[in-house]
Amino acid sequence: MTILDNVNSPKDLKKLNTSQLNELCSEIRELLINTVSHTGGHLASNLGVVELTVALHKVFDSPNDQIVFDVGHQCYTHKILTGRKNEFTTLRTEGGISGFTRPNESEHDIFSSGHSSTSISAAVGLARAKQLKGEKGKAIVVIGDGALTGGLAYEALNNSGNDHSNLIVILNDNNMSIDRNVGSMAKNLTTIRTSKKYVTFRSKLQRGFAKIPKIGTNINRFFTLINTKIRKVVYKATFFEDLGFRYYGPIDGHDIEALIDVLCAAKAHNHSVLIHINTVKGKGYSPAEKNPTQFHGIEKFNINTGEPLSKEKNFSASFGQTICKFAQNDSRICCVTAAMGEGTGLVDFAEKFPKRFFDVGIADKHAGTCSSGLAKNGMIPIFAVYSTFLQRAYDQLIHDVAMQGLKVIFAIDRAGFVGEDGESHQGVFDTSFLNSVSNLTGFAPSYYDELEAMFYEAVYKINGAAAIRYPRGSEGGRPDGYIYEHNPFCVIGDDNKNICIVTYGRLFSQCYSAYEQLDNVFLIKLNMIKPIDTGVINNLKKCSKIYFYEESVRSGSVGECFGSMLAENNIECEYKHIAVDNEFISQASVESQMKKYHMDADSIISEIKEVKNGEA
């Protein structure tokens, strides 16, 4: 019987001593490593916050005290401690628990998450609502130093520090020091200031001053001013104090006893508090400590070696190779990314062309506008970004790039279904919002050589902005002898037949596989998806039925634009658009998602055969 066996809710932590809590942390780490090796997921970030999460649930009373995890990719220990221990092996699997916080899983998950830098804003609202309603409890944020590269975090900090509120922000610093602790005096003062007795004494003293007629308020102001000046002398850097927070730290984020002390002190406050802790990303698993970037988000891996089980070439790697090849011969080409250099395949580019590689941190909006500045002064910037994160730079795409008529190329990775990451990461919205942007050309490669050719067109043939969207993973099956000839679309088969399947990108392989097994059908592959070349209409005049397949939400999509074009050109036929309806896509393998939304070859065959049988 392990300690973890007896922990089924946060209440079970209240009776454990420090030694038992440390043992519990070791057991949790073992469970994390074993599970993620089989399911894939965010390992390094979760290993770094085990002690912090245990301490949080030891001190606070979730869900009355509401804990908001920024991004949510460090919430695995939280899930284990809040009643999902027995389900943890289903992490990121279809029908299992999510790799991010999800309120539909547990009352302890306050917000659905997946994108960075949103937590402080959400918690400010939670804290203010509690105050307005007279409810007890704290709103507690766990945010990493990486997320503080996102501007939204600073907007929230600026708006919240001077609140006399129940907000606690915990800054998990696992890479850089923001506010450094100077000398033994500062360390001693930190120890004193994290004492619950000190906080309680100070609060009583201030309440006593406030009761003194006429001069009580002025005494409190003087007391606060002197306290602040002393802290500035001792701590040197007081960024958070200047924003109005009570600052504690840095604290060893792997010292359970120290964490409990500082959290108890923060709990006693009636003012916004920021606790700065230092942790080791990947703590307790040597491969993750040595290479935290690789283990931030990792596929299934060998526990003994840390090596991923699959090493297939993928579109991200193909993009990286392509851009290195172009940059070798063109000094204008540069790459911009928002903390996703490895994820988007730009590691080699960064090493070979360091002066032309710009990682701006988790700041997708800044990346978009920075790219426009590069373009304005004669560079050819390529902004490499996941589809789900490009959503965050929509205004920049319109206002700072397209409206200016600037040549910025958007390399949109993880377009379409992404599988196990779930609702927040599915790349199914970009086609819709890109379709609404003027002065933008869109491409959708199905194969690696097409990706290279389309980037060449975007760089050297297209005026203005361009977007090339491609899926997560490797390329699919390819027709024998198929060659991309730089046409906006291509026709496979005899267009005198009655039924046409239209598609683009990854789904072309599924549609072609179905086409080979169907009669009276031909296939159109769109290569340029914005704008759609009107010449395609000439191939559709004899069709009685057209099926359009795409990995996208239906509203505003390429398929909707295609349907409008058919109507405008008086093409009289039955048109069926197979896409994602008004819903968010749950976690599952990509193969399962394809099947669920009727986009795999078998579903396509079944759909069209059923129609043909119906006609007969």
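Coordinates for the structure precede this section.
Residues numbered from 1 in each chain as written. Predicted model: local features only at pLDDT ≥ 70, side-chain atom pairs only at ≥ 80, totals over all residues. Heavy atoms only, no water.

Overview of the packing of aromatic side chains
The condition that has to hold: Stacked, tilted and edge-to-face are the three classes assigned to paired rings of Phe, Tyr and Trp, where Trp is represented by its six-membered ring and a pair needs centres within 6.5 Å; plane angles under 30 degrees give stacked, over 60 edge-to-face, the rest tilted. Note on conventions: DSSP H or I runs of at least 4 residues are helices, E runs of at least 2 residues are strands, and numbering of each starts at the N terminus. For each residue, the accessible area found with a 1.4 Å probe, counting protein chains only, is set against the maximum for its type, and the residue is called buried under 20%, exposed over 50%, and partly exposed in between. We count a charge as sitting over a ring when the NZ of a lysine or the CZ of an arginine lies within 6 Å of the ring centre and within 35 degrees of the ring normal.
Counted according to the given criterion, the structure contains 28 aromatic pairs. On the basis of an interplanar angle of 25° and a centroid distance of 5.7 Å, the ring pair of F417 and Y597 is categorised as stacked. Within this pair, whereas F417 is found in the loop between β9 (409-413) and α18 (430-435), its partner Y597 is found in the loop between α22 (590-596) and α23 (601-615), the two being separated by 180 residues in sequence. When the centroid spacing of 6.1 Å and the interplanar angle of 40° are considered together, the rings of F508 and Y512 count as tilted. Of this pair, F508 and Y512 both sit in helix α20 (residues 507-515), 4 residues apart, which is roughly one turn of the helix. Classification of F508 by relative accessible area gives buried; the value is 0%. The exposure class of Y512 is buried, given its relative accessible area of 15%. It is R478 that lies over the ring of Y447; its NZ or CZ is 4.5 Å from the centre. The ring of F508 carries the charged tip of K525 above its face, separated from the ring centre by 5.5 Å.

Examining helix α1 (residues 18-39)
Selection rule: Residue count minus one, scaled by 1.5 Å, sets the expected span of a helix. Within 3.5 Å is the distance limit for a polar contact, defined as a pair of N or O atoms, with the added protein rule that one can donate a hydrogen and the other accept it, and that residues adjacent in sequence qualify only through two side-chain atoms.
Across its 22 residues, α1 extends 31 Å between first and last C-alpha, which sits within 8% of the 32 Å expected from 1.5 Å per residue. You can read the cap of α1 off the contacts: a side-chain oxygen lies 3.2 Å from the backbone nitrogen of S19, and it is on N17. Following α1 by one or two positions, G40 adopts a phi angle in the positive range, close to 75°.

Observations regarding the pairing of strand β3 (residues 167-173)
Where we set the bar: A pair of strands is considered paired only if DSSP assigns at least 2 bridges between the two.
Burial runs high along β3: 7 of the 7 residues are buried. Of the two faces of β3, the one holding L167, V169, L171 and D173 and the one holding I168, I170 and N172 are both buried throughout. Relative to β3, strand β2 (residues 139-144) runs parallel, the two sharing 6 bridges. If you follow V141 over to β3, its bridge partner there is V169. Alignment of β3 against strand β5 (residues 273-278), held across 6 bridges, turns out to be parallel. Along β5, the bridge assignment pairs V169 with L274.

Observations regarding the pairing of strand β6 (residues 333-337)
Threshold: Handedness is read with the strands pointing away from the viewer; a crossover is right-handed when the path from the first strand over the helix to the second is clockwise.
The buried fraction of β6 amounts to 5 of the 5 residues, a majority that puts the element mostly inside the structure. Burial along β6 is two-sided: I333, C335 and T337 and C334 and V336, pointing in opposite directions, are all buried. Bridge count between β6 and strand β8 (residues 380-386): 5 bridges; the pairing is parallel. Within β8, the position partnered with C334 by the bridge is P381. Here β6 pairs with strand β7 (residues 357-359) via 3 bridges, running parallel. Bridged to C335 within β7 is F357. Traced from β6 through helix α14 (residues 347-352) to β7, the parallel crossover comes out right-handed.

Topic: the sheet that holds strand β4 (residues 246-252)
For clarity, the cut-off: Only the stretch in contact is used when fitting a helix axis, every axis being a line fitted to C-alpha atoms; angles between N-to-C directions are given from 0 to 180 degrees. Here a residue-residue contact requires only that any non-hydrogen atoms of the pair lie within 4.5 Å.
The strand order across the open sheet formed by 5 strands is β1-β2-β3-β5-β4, and the pairing between neighbours is parallel. A strand with exactly one partner marks an edge of an open sheet, and here the two such strands are β1 (66-69) and β4. On average, each strand axis in the sheet is inclined to that of its neighbour by 20°, with strand direction left out of account. Here helix α5 (residues 119-133) sits on the sheet in contact with β1, β2 and β3, set at roughly 175° to β2.

Quick word on the packing of helix α15 (residues 364-376) against helix α17 (residues 394-402)
For clarity, the threshold we go by: If an angle is under 35 degrees, it is roughly parallel; if it is over 145, roughly antiparallel; if it lies from 65 to 115, roughly perpendicular; otherwise it is oblique. Each helix crossing is assigned a hand: it is left-handed if the near helix lies turned anticlockwise from the far helix by less than a right angle, otherwise right-handed if that turn is clockwise.
Across the interface, α15 lies against α17 with an axial gap of 9 Å and an inter-helix angle of 10°. Classed by the angle they form, the pair α15 and α17 counts as roughly parallel. For the pair α15 and α17, the crossing hand works out as right-handed. For the pair formed by α15 and α17, the contact residues are K365, G368, T369 and S372 on the first element and Q396, D400 and V401 on the second.

Here's the deal with the packing of α1 against helix α11 (residues 256-268)
In plain terms, the rule: Gly falls in the polar group here, along with every residue not listed as nonpolar (Ala, Val, Leu, Ile, Met, Phe, Trp, Tyr, Cys, Pro) or charged (Asp, Glu, Lys, Arg).
At their nearest, the axes of α1 and α11 sit 10 Å apart, and the two run at 110° to each other. Classified by the angle between their axes, α1 and α11 sit roughly perpendicular to one another. Only I256, E257 and I260 of α11 make contact with α1, whose side of the interface consists of T18, L21, N22 and C25. When its residues are assigned to classes, the contact of α1 with α11 shows 4 nonpolar, 2 polar and 1 charged.

So, the nonpolar core
The following threshold applies: Side-chain atoms within 4.5 Å link the members of a nonpolar core, which is a set of buried Ala, Val, Leu, Ile, Met, Phe, Trp, Tyr and Cys residues.
The biggest cluster of nonpolar side chains holds 61 residues, and the ones touching the most others in it are F319 and F455. If you tally residues by element for this core, the top one is helix α19 (residues 448-460), at 7 residues. If near-sequence neighbours (up to four positions away) are discounted, F455 is found in contact with F319, T322, I323, F326, I382, I409, A411, I468 and Y470. By size, the runner-up hydrophobic cluster in this structure holds 53 residues, among which are I28, A55, I256 and I260.

Some details on the sheet that holds strand β16 (residues 545-553)
Taken in spatial order, the 5 strands line up as β12-β14-β13-β16-β17 in an open sheet, and their pairing is mixed. Each of the sheet's edge strands pairs with one partner strand only, and the pair in question is β12 (489-492) and β17 (574-580). Pairwise comparison of adjacent strand axes, ignoring direction, gives a mean angle of 20° for this sheet. Of the pairings in the sheet, the one linking β12 to strand β14 (residues 521-526) comprises 4 bridges and is antiparallel in character. For F489, the partnering residue across the bridge sits in β14 and is L526. Strand contacts of helix α21 (residues 558-568): β13 (499-504), β14, β16 and β17, with the helix running at about 150° to β16, the strand carrying the most contacts.

Side note on the pattern of salt bridges
If charged atoms from side chains of opposite charge come close, those side chains can pair. What counts here: One speaks of a salt bridge when a side-chain nitrogen belonging to Lys or Arg is within 4 Å of a carboxyl oxygen belonging to Asp or Glu.
One pass over the full model with this rule turns up 20 salt bridges. Among the ionic pairs, D109 bridges to K79, the shortest N-O distance being 3.8 Å. With D109 in the loop between α4 (76-84) and α5 and K79 in helix α4, this residue pair connects regions lying 30 residues apart in the sequence. Comparing D109 with K79, the two get one shared label, buried.

Quick word on the state of the cysteines
Condition: Two cysteine sulfur atoms make up a disulfide if the distance between them is within 2.5 Å.
Per the counting criterion, the structure on display carries 0 disulfides. Free of any disulfide, C334 has its nearest cysteine sulfur in C335, 7.1 Å distant. C334 sits in the buried class, given a relative accessible area of 1%. The thiol of C370 is not disulfide-bonded; the next cysteine sulfur, from C334, is found 8.2 Å away. Here C370 falls in the partly exposed class, since its relative accessible area comes to 24%.

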